Amino acid sequence: MKFRDIFNVSALNVFRRKSKNIITVLSVIIGIISVILVSSVGSSGEEFVVSEIEKLGLQGITISRNTEVEGVGLEENDQILLKKRFNCISNIIPVVFATGECVLNKHSFKAVFFGVGANADNVYNVNILHGRIPGNADVKKKESVAVIDDEFALKVYKRTNIVGKLLKLSVDGKEMKTRIIGVISSQKSTVNQMFGGEIPDFVYLPYTTLNELRSDTHIDQFAITCNEEYNSDGSEFAQYLSSVKGTPNAYFSSDISSGINNVKKITNIISFVISAISSIALMVSGLGIMNTVFSSTVERKREIGICIAIGASASDILWCFIAETSIISFFGGAIGTTVGNIIIGIVFNSLNIPYKFELLNYILAILVAVLIGVVSSIIPAIKAARLEPIDALKN
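Residues numbered from 1 in each chain as written. Predicted model: local features only at pLDDT ≥ 70, side-chain atom pairs only at ≥ 80, totals over all residues. Heavy atoms only, no water.

### What about the overall build of the protein?
What counts here: Put simply, DSSP H or I for four residues or longer makes a helix, DSSP E for two residues or longer makes a strand, and each gets a number counted from the N terminus. Three exposure classes are used, based on accessible area relative to the maximum for each residue type with a 1.4 Å probe and protein chains only: buried under 20%, partly exposed in between, and exposed over 50%. Every residue pair with non-hydrogen atoms within 4.5 Å of one another is taken to be in contact.
For the protein, the count of helices and strands is 13 helices and 10 strands. Classification of the 395 residues of the protein by burial places 44% in the buried group. Put simply, 76% of the contacts in the protein that link residues at least 6 apart link residues at least 24 apart.

### Observations regarding the pattern of salt bridges
Under the convention used in this document: Put simply, a salt bridge is a Lys or Arg side-chain nitrogen that is within 4 Å of an Asp or Glu carboxyl oxygen.
Considering all chains together, one arrives at five salt bridges under this definition. Linking D138 and R132 is a salt bridge whose minimum nitrogen-to-oxygen distance equals 2.6 Å. Residues participating in the shared-partner salt-bridge network are R214, D216 and D220.

### Thoughts on the nonpolar core
What counts, and what does not: To define a nonpolar core, start from buried Ala, Val, Leu, Ile, Met, Phe, Trp, Tyr and Cys residues and group those joined through side-chain atoms within 4.5 Å.
Counting 46 residues, the largest nonpolar core has F113, I148, L167, V203 and F237 as the members making the most contacts within it. Judged by nonpolar contacts, the second largest core, of 20 residues, contains V28, L282, F321 and A369.

### Structural notes on the side chain of S242
Residue placement: S242 occurs in helix 8 (residues 235-245). Judged by its relative accessible area of 6%, S242 is buried.

### Details of the environment of G305
Within the element layout of this structure, G305 appears in helix 10 (residues 301-309). Residue classification places G305 among the buried residues on the basis of a relative accessible area of 0%. Spatially, the C-alpha atoms of G305 and L387 are 7.5 Å apart, while their sequence positions differ by 82 residues.

### Brief notes about the side chain of S326
Operational definition: Counting of polar contacts relies on pairs of N or O atoms within 3.5 Å, with two restrictions inside protein: one atom must be capable of donating a hydrogen and the other of accepting it, and residues adjacent in sequence are counted only when both atoms are side-chain atoms.
Relative to the assigned elements, S326 resides in helix 11 (residues 314-350). Only 2.8 Å separates the side chain of S326 from the backbone oxygen of I322, close enough to count as a polar contact. With residues up to four places along the chain from it excluded, the contact list for S326 reads V370 and V374.

### Focus: helix 3 (residues 76-85)
Rules: The arc in question is formed by the directions pointing from the helix axis toward the C-beta atoms.
Taken residue by residue, helix 3 has D78, Q79 and L82 as its buried positions. Buried residues in helix 3, looked at end-on, bunch into an arc of 100°, giving them a common side. More than 90 degrees from the buried face of helix 3, the exposed residues found are N77 and K84. Among the structural elements, strand 2 (89-104), strand 9 (221-226), helix 8 and strand 10 (251-255) are those in contact with the buried residues of helix 3.

### A few points about the environment of G100
Along the polypeptide, G100 turns up in strand 2. Separated by 13 residues in sequence, G100 and F113 have C-alpha atoms that sit 7.6 Å apart. Not counting the four nearest positions on each side in its chain, G100 is found in contact with F109, K110, A111, F113 and S170.

### What to know about the state of the cysteines
What counts is decided by this rule: In this description, a disulfide is simply a cysteine sulfur pair whose atoms lie within 2.5 Å.
Using the criterion set out here, one finds zero disulfides in the structure. The thiol of C226 is not disulfide-bonded; the next cysteine sulfur, from C88, is found 4.5 Å away. Residue class for C226 comes out partly exposed when judged on its relative accessible area of 23%.

### Description of the packing of helix 3 against helix 8
Rule in force here: Only the stretch in contact is used when fitting a helix axis, every axis being a line fitted to C-alpha atoms; angles between N-to-C directions are given from 0 to 180 degrees. For classification purposes, an angle smaller than 35 degrees is called roughly parallel, one larger than 145 roughly antiparallel, one from 65 to 115 roughly perpendicular, and anything else oblique. Should the near helix be turned anticlockwise from the far one by less than a right angle, the crossing is left-handed, and should it be turned clockwise, the crossing is right-handed. Each residue is assigned to one of three groups, with Ala, Val, Leu, Ile, Met, Phe, Trp, Tyr, Cys and Pro labelled nonpolar, Asp, Glu, Lys and Arg labelled charged, and all others, Gly among them, labelled polar.
Interaxial distance between helix 3 and helix 8 falls to 11 Å at its minimum, and their mutual angle equals 120°. The orientation of helix 3 with respect to helix 8, classified from their angle, is oblique. Crossing angle aside, the handedness with which helix 3 passes helix 8 is right-handed. Here D78, L81, L82 and R85 of helix 3 come into contact with helix 8, specifically with F237, Y240, L241, V244 and K245. Among the residues forming the contact of helix 3 with helix 8, the class breakdown is six nonpolar, no polar and three charged.

### Considerations on a nonpolar patch on the surface
So the rule is basically this: Patches here: salt-bridge-free residues with over 30% relative accessible area, like charges joined within 9 Å, nonpolar side chains (Val, Leu, Ile, Met, Phe, Trp, Tyr) joined within 5 Å. Note on areas: Shrake-Rupley, 1.4 Å probe, and residue coverage restricted to the protein chains presented here.
Side chains of F15, F330, F331, I335, V339, I343, V347 and L351 sit close together on the surface and give an oily, nonpolar patch of about 690 Å² of accessible area. Counting residues per element, the nonpolar patch draws most heavily on helix 11, at six residues. Its place among the elements puts V347 in helix 11. For V347, a relative accessible area of 38% translates into the label partly exposed.

Below, the structure is given as structure tokens:
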């Protein structure tokens, strides 16, 4: 039999037995939908977690003082030493931290203060919406200027552009009035929701200004970014500074980018495990297809015997059954993939999570469904092809 004849006979058999085949199609649809839903949630969740971590602005390498070693600290000249010694360093800025409160238009908030060096946007991943961030002049003159995020501004003024407004800072009972010179995109909105709004607001200002407010001259850490060729964790930076100060292990490095990559690997593994578990539904669909073909073989013994008696070969019978299951699996895969993508699109849009339909994934899902149908039908199809015509006709 020609391929066209096999396809036509198989299609007729599928529609002739549609009441039984509909159940098989439904099992394929449910299996495909479950895989698409779980896989989409896993992959989108992975992208969502990584993007939210990156929104915090963390990247590059940090050098910090080892608190277990006394008598050493980080000084402004240390950044010059590192820059001269290592050509791979693209940007380096001093960073100091403090916690306290800030008052904006009579509204008081808990805050984390980041004292940073000039042009911190070259080191931290921040999106400037309005104004600017502290520059060289602000750092040198210890200017009383600050940068807040848009969420902070919206809470008080119901708008994001509040450049020029006054912001009062308070650290350990000491107060300072600053002028807002910039507004950046919120770095903690989703993370804040996850932790029930417990994360304080972020405020950036020159590190010299923050040191003056907290009556301190120490630098807590250096934030460093390196060129693309550099692929180490920054331990040599810490070792060099320790050797210059003559104190072993006085400093240590942290590779923030490597930490983010580890988070990506973990979410990849979780996504893979979730997808593997959801594939059980497809395996159940495959068993359903196998059971359907087995029962069809028993019910259609006489029909198979007649086909063989009039000249159909064993391979013709084999390919007829495989073609039938391919048609059933194709319809189940196409409907299941379509419905699954529609459900995911509706759910993600309602949650304001970006969703991108990819035609290649759509086609692959259908092909996987057809492949499972073909594999599941091979054993019963071989059994049907091996029937003796006399025994089949006697049935």
